Amino acid sequence: MAASEIMAVAPGREQARERAAEFLVSRHRYGWPEVLPWLIAIACYFVFPDRMTFGSQVLVMIMFALSLDLIMGYAGIVTLGHAAFFGIGAYVVALGALRLGWSEPISGIVAAGVVAGLAGAVVGWFILRYRGLTLLMLTIAFAATLQESGNLRSDITGGYDGLPGLTFDPLLGYFDYDLYGHTNYVYALVVLAIVFYFVRRIVYSPFGQALTGIRENVRRMHAIGSPVHMRLVTVYAVSAAIAGVAGALFTQTNAYVTLTVFDFDYSAKVMVMLILGGTGRLYGAFIGAVVYLIMEDNLSKLSPTFWQFGIGLLLVLAVLFAQRGLLGLLEDAPWGKRKKP
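Being a predicted model, the structure only gives us computed values, none of them experimental.

Q: Explain the overall build of the protein to me, using residue names and the numbers behind them.
A: Check the secondary structure of the protein and you find 15 helices and 0 strands. Counting across all 341 residues of the protein, residues that qualify as buried make up 46%. Restricting the contact set of the protein to residue pairs at least 6 apart, pairs at least 24 apart contribute 78%. Accessible surface, the protein: about 17,800 Å² in total, of which carbon and sulfur atoms supply 67%.

Q: Quick one: what's the story with the nonpolar core, residue by residue and with numbers?
A: Among the nonpolar cores identified, the biggest contains 92 residues, and Met63 and Ile77 are the most heavily contacted of them. Here this core takes 14 residues from helix α3 (residues 52–72), the largest share from any one element. Here Met63 is in contact with Ala188, Val191, Leu192, Val195, Ile242, Val245, Ala246 and Leu249, once residues within four sequence places are set aside.

Q: Summarise the packing of helix α4 (residues 83–99) against helix α5 (residues 105–127); cite the residues concerned and give the values.
A: The N-to-C vectors of α4 and α5 enclose an angle of 140°; their axes lie 8 Å apart at closest approach. If you check the angle between α4 and α5, you find them oblique. Handedness of the crossing formed by α4 with α5: right-handed. Across the interface between the two elements, Phe85, Ile88, Gly89, Val92 and Val93 of α4 pack against Gly108, Ile109, Ala111, Ala112, Val115, Ala116, Ala119 and Gly120 of α5. Here the contact of α4 with α5 is composed, by residue class, of 10 nonpolar, 3 polar and no charged.

Q: Pulling in residues and values, what's your account of the packing of aromatic side chains?
A: Scanning the model with the defined rule gives 14 aromatic pairs in all. Each ring, one from Phe85 and one from Tyr236, has its centre 5.6 Å from the other, and the planes form 85°; the classification is edge-to-face. Of this pair, Phe85 sits in helix α4 while Tyr236 sits in helix α11 (residues 228–254), placing them 151 residues apart in sequence. As far as the burial class goes, Phe85 and Tyr236 line up, both buried. With 5.0 Å between their ring centres and 45° between their planes, Tyr283 and Phe286 make a pair best called tilted.

Q: Tell me what's going on with the pattern of salt bridges, and back it up with residues and numbers.
A: Taken as a whole and judged by the stated rule, the model has 5 salt bridges. In this structure, Asp155 and Arg153 form a salt bridge, with 2.9 Å as the shortest nitrogen-oxygen distance. Between Asp297 and Lys301 there is a salt bridge, with its nearest N and O atoms 3.5 Å apart. Of this pair, Asp297 and Lys301 both sit in helix α13 (residues 284–302), separated by 4 residues, roughly a single helical turn. Shared partners join several salt bridges into a network, and the residues in it are Arg51, Asp297 and Lys301.

Q: Break down a nonpolar patch on the surface for me, with residues and values.
A: Taken together, the side chains of Ile106, Val110, Val114, Leu118, Leu172, Tyr174 and Phe175 make up a nonpolar region of the molecular surface, amounting to roughly 750 Å² of accessible area. Mapped onto the secondary structure, Phe175 falls in the loop between α7 (154–157) and α8 (182–203).

Q: Describe in detail unusual backbone geometry, supporting the description with residues and values.
A: Positioned with a positive phi, Ala255 is a non-glycine residue whose angle comes to about 60°. Within the element layout of this structure, Ala255 appears in the loop between α11 and α12 (264–277). Not every positive phi belongs to a glycine, and Leu282 is a case in point at roughly 65°. In this structure, Leu282 sits in the loop between α12 and α13.

Q: Before we move on, can you summarise the environment of Asn254 with the specific residues and values?
A: Note that Asn254 resides in helix α11. Taking the C-alpha atoms as reference points, Asn254 and Thr167, separated by 87 residues in sequence, lie 9.9 Å from one another. Here the side chain of Asn254 touches Gln57 through a polar contact of 3.1 Å, side chain to side chain.

Q: Describe the side chain of Gln252, and please don't skip the residues or the numbers.
A: Structurally, Gln252 can be placed in helix α11. Here the side chain of Gln252 touches Pro105 through a polar contact of 3.0 Å, landing on its backbone oxygen. Apart from the residues within four sequence positions on either side, Gln252 is in contact with Val93, Pro105, Gly108, Ile109, Phe168, Asn184 and Tyr187.

Q: So what's going on with the packing of α3 against α11? Which residues, and what values?
A: One can describe the packing of α3 onto α11 by two numbers: an axis separation of 8 Å at closest approach and a directional angle of 170°. What the angle tells us is that α3 and α11 run roughly antiparallel. Within the contact between the two elements, α3 uses Ser56, Gln57, Val60, Met63, Phe64, Ser67, Leu68, Leu70 and Ile71 and α11 uses Val235, Tyr236, Val238, Ser239, Ile242, Ala243, Val245, Ala246, Leu249, Phe250, Thr253 and Asn254. Considered class by class, the residues forming the contact of α3 with α11 number 15 nonpolar, 6 polar and no charged.

Q: Just give me the short version of the side chain of Glu296, but keep the residues and values in it.
A: Locating Glu296 in the fold gives a position in helix α13. Beyond its immediate sequence surroundings of up to four residues, Glu296 is in contact with Lys269, Trp307 and Ile311.

How each quantity is defined
- Residues numbered from 1 in each chain as written.
- Predicted model: local features only at pLDDT ≥ 70, side-chain atom pairs only at ≥ 80, totals over all residues.
- Heavy atoms only, no water.
- Helix = DSSP H or I, 4+ residues; strand = E, 2+ residues; numbered from the N terminus.
- Buried < 20%, exposed > 50% of the residue type's maximum accessible area, 1.4 Å probe, protein only.
- Contact = heavy atoms within 4.5 Å.
- Areas by Shrake-Rupley, 256 points an atom, 1.4 Å probe, with all protein chains shown as cover.
- Core = buried A, V, L, I, M, F, W, Y, C linked by side-chain atoms within 4.5 Å.
- Axes fitted to C-alpha atoms, helices over the stretch in contact; angles between N-to-C directions.
- Parallel < 35°, antiparallel > 145°, perpendicular 65-115°, else oblique.
- Left-handed = near helix turned anticlockwise from the far one by under 90°.
- Nonpolar A, V, L, I, M, F, W, Y, C, P; charged D, E, K, R; others polar.
- Phe/Tyr/Trp six-rings, centres within 6.5 Å; stacked < 30°, edge-to-face > 60°.
- Salt bridge = Lys/Arg side-chain N within 4 Å of Asp/Glu carboxyl O.
- Patch = residues over 30% accessible without salt bridge, like charges linked within 9 Å, V, L, I, M, F, W, Y side chains within 5 Å.
- Polar contact = N/O pair within 3.5 Å; in protein donor to acceptor, adjacent residues only side chain to side chain.

Right, here's the structure in full:
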């Protein structure tokens, strides 16, 4: 190539690099569509004042789905036993309140997150050395082992009868829990906002980009010297801690817990939520959880026996026609397209 041709091509390449760099830097910035879910959540407090108990459960499941999205959508770790950490968090606050008299709610969810995170680090260190079907079965086995262990020690856990009638101190020492769950809703929304901010910072950090690289091509990440296993264990522990916080909120907002929190149904349900909403997009957890729980609530009223048929049909349609989830459909709309380099 002649020198004049090189000079002509160089400016174009330089402009492309600048546009790419500007896009990468601007990705972490908040856009106006991101405000919409939070405004809707605040509006629901005033529009549906008698449905705050249901609203609290929606927020809890959004947080649970967000924890799974962090490892499945960004790190490529597929699991069907994530309910194990949800259950650990749920029982930490339940046993703390019932057996130890530790009923302060905020310190309770912190403790639940720490215990679940430690469990995730220990378990992840061993099972994340495997991939594919082996990893999938190990995650299921871990959750099932915890559930059966709890059933064997029903004198402590209450078995499948659970631990009903749990009581917790007023929030911050001032805000009592009302019959319609207004305090619990605000409490869950604030915790979700804090967790979401934390997860968002992780996703758009260099650590988060390394996780995406592992998801896309783990061999290449090994080749460039990236500590793949340690990063996977780290994000698995963080995800487990968030799931533990969600489980703790579940117990505190319901004032009871049973061994069903370890069920395979919970692990499968949260994965379906992510598939419906869209994995690897943060707000896919919001859309998927809301759509799933609203459909579950309404379909179960229409048909308590066959309500899952409607969920299954929606899942099939999503897989066939919206492979990036409902959020992907919104992103493909003219108003949802974002300028890329």
